[in-house]
Amino acid sequence: MTDTVVAGRRAALALRYGTAEAERAELAGELVWNEVLATQLAHRSVRKFLPDSVSEEQLRAIVAAASSAASSSNLQLWSVVAVTDRDRLGRIAALAGNQDAVRNAPLLLVWVADLARAGRIAEQNDRDLVNAGFVESALLGVVDATLAAQNAALAAESLGLGTVYIGAIRNHPTELAEELNLPAHSFAVVGLVVGHPDPTAAAEVKPRLGVDVVLHREQYDLEAQEAGTAEYEARISAFYREQGLADSWIERVVGRFATPGALGVREGLKEALERRGFDLN
Ligand SMILES: Cc1cc2nc3c(=O)[nH]c(=O)nc-3n(C[C@H](O)[C@H](O)[C@H](O)COP(=O)(O)O)c2cc1C
């Protein structure tokens, strides 16, 4: 490893985990590093883009990367809808939390858990899609779509593009399905805005929980995470303050999972999925 590569690795680890982790890795003589890891550790969500479009070549490369993700039994239970029409983006933004990143998106990729294709194939073979209603079948589609989406996000970042996921795409599943003409037995899992990052609106690498908080050896240990979680709260709070956000990660967790009503319209997701042919048995 050249000095430049070592310095780049140290900087990347420091941004993600703090200087203590970067120093620890260096003292331990850890030398594992390459361009893929560098791209992954440099990930940050980008919400402001130049008006330039994502080229057809870039889109096709991104979808080829998505297709190359592993897929449960190679069933490939996902599809992606690419949206660039400004009127449609405006309508989708209205359904997805009125986010400017969606309204002004150069390209919105909507990742779909897709058992409709399987349904069509079953029909053409005079069979019924009798197993679509199980939770397991919905999860197969969600996992496949998510793995594809993350391969796409990494591919986009490797091409110098920026991305932001849009979970708010699940706010109004019925209306969104109508807008995208999604067939029964399919639903939108997540959106991904892709574009050329606006260099005047620099997006920072966001600190994460330390490796030792999320990495368990042999068996899961909840109590062992306490010190690491407290260390993270201090580190991310400093980051949020730098960003002008008076915020705490712990308050975010409590706000989302321990505050009644925090899921808002998404509390109705089960019923919406049932209407789309996923009974979740
Ligand atoms: C499934 C999922 C849904 C998300 N939905 C939104 C969203 O609707 N709007 C948004 O601005 N960011 C969204 N994000 C981005 C997260 O806020 C972001 O990944 C997180 O704050 C970590 O920041 P980073 O990606 O810059 O590291 C989403 C991320 C994921 C993984």
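One can find the structure itself at the top, above this paragraph.
How each quantity is defined
- Residues numbered from 1 in each chain as written.
- Predicted model: local features only at pLDDT ≥ 70, side-chain atom pairs only at ≥ 80, totals over all residues.
- Heavy atoms only, no water.
- Core = buried A, V, L, I, M, F, W, Y, C linked by side-chain atoms within 4.5 Å.
- Buried < 20%, exposed > 50% of the residue type's maximum accessible area, 1.4 Å probe, protein only.
- Helix = DSSP H or I, 4+ residues; strand = E, 2+ residues; numbered from the N terminus.
- Contact = heavy atoms within 4.5 Å.
- Lys, Arg positive; Asp, Glu negative; His and termini not counted.
- Salt bridge = Lys/Arg side-chain N within 4 Å of Asp/Glu carboxyl O.
- Axes fitted to C-alpha atoms, helices over the stretch in contact; angles between N-to-C directions.
- Parallel < 35°, antiparallel > 145°, perpendicular 65-115°, else oblique.
- Left-handed = near helix turned anticlockwise from the far one by under 90°.
- Nonpolar A, V, L, I, M, F, W, Y, C, P; charged D, E, K, R; others polar.
- Phe/Tyr/Trp six-rings, centres within 6.5 Å; stacked < 30°, edge-to-face > 60°.

Participant: Is there a simple way to explain the nonpolar core in this structure?
Facilitator: Within soluble globular proteins, side chains that are nonpolar generally end up buried alongside one another. Residues Ile62, Leu109, Trp111, Leu192 and Val194 are the most contacted members of the largest nonpolar core, which totals 28 residues. When contributions to this core are tallied by element, the ones reaching two or more residues are helix H4 (56–67), strand E2 (107–114), helix H8 (135–158) and strand E4 (186–195). Ranked by residue count, the leading element in this core is H8, at eight residues. Excluding anything up to four places from it in sequence, Ile62 contacts Leu109, Ala152, Ala155, Ala156, Leu159, Leu161 and Val194. By size, the runner-up hydrophobic cluster in this structure holds 24 residues, among which are Val83, Val112, Ala168 and Ile169.

Participant: Would you mind showing me how to read the side chain of Arg276 here?
Facilitator: Mapped onto the elements of the fold, Arg276 is located in the segment after helix H13 (269–275). For the buried Arg276, no salt bridge exists, and the shortest N-O distance to an oppositely charged side chain is 7.5 Å, to Glu178. Arg276 has contacts with Pro173, Ala177, Leu182, Pro183, Ala184, His185, Ser186 and Phe187, leaving out every residue within four places of it along the chain.

Participant: Quick question: what am I supposed to make of unusual backbone geometry here?
Facilitator: One can expect most non-glycine residues to show negative phi and most peptide bonds to be in trans. Its identity is not glycine, yet Asn181 carries a phi of approximately 60 degrees, on the positive side. Of note, Asn181 is situated in the loop between helix H9 (173–180) and E4. Here Glu218, not a glycine, exhibits a phi torsion of approximately 70 degrees, which is positive. Looking at the element boundaries, Glu218 is found in the loop between helix H10 (211–214) and helix H11 (226–242). For Glu218, a relative accessible area of 83% gives the class exposed.

Participant: Is there a simple way to think about the packing of helix H1 (residues 3–17) against helix H2 (residues 19–27) in this case?
Facilitator: Two quantities define a packed helix pair, namely the angle between the helix axes and the distance between the axes. Where H1 contacts H2, the axes come no closer than 6 Å and their chain directions differ by 140 degrees. The orientation of H1 with respect to H2, classified from their angle, is oblique. Helix-helix and strand crossings are classified by hand; for H1 and H2 the assignment is right-handed. Where H1 abuts H2, its residues Val6, Arg9, Arg10, Leu13, Ala14 and Tyr17 lie against Thr19, Glu21, Ala22, Ala25 and Glu26. Of the residues contributing to the contact of H1 with H2, the split by class is six nonpolar, one polar and four charged.

Participant: Would you mind showing me how to read the packing of aromatic side chains here?
Facilitator: The geometry of two aromatic rings is summed up by the distance between their centres and the angle between their planes. Across all of its chains, the model carries four aromatic pairs by this definition. Between Phe187 and Phe278 the ring centres are 5.0 Å apart and the planes differ by 85 degrees, which places this aromatic pair in the edge-to-face class. Here Phe187, found in strand E4, pairs with Phe278, found in the segment after H13; they are 91 residues apart in sequence, far enough to count as distant. Exposure remark for Phe187: the relative accessible area of 7% places this residue in the buried category. The exposure class assigned to Phe278 is buried, which follows from its relative accessible area of 0%. With a centroid separation of 5.2 Å and an interplanar angle of 85 degrees, the aromatic rings of Tyr232 and Trp249 are classed as edge-to-face.

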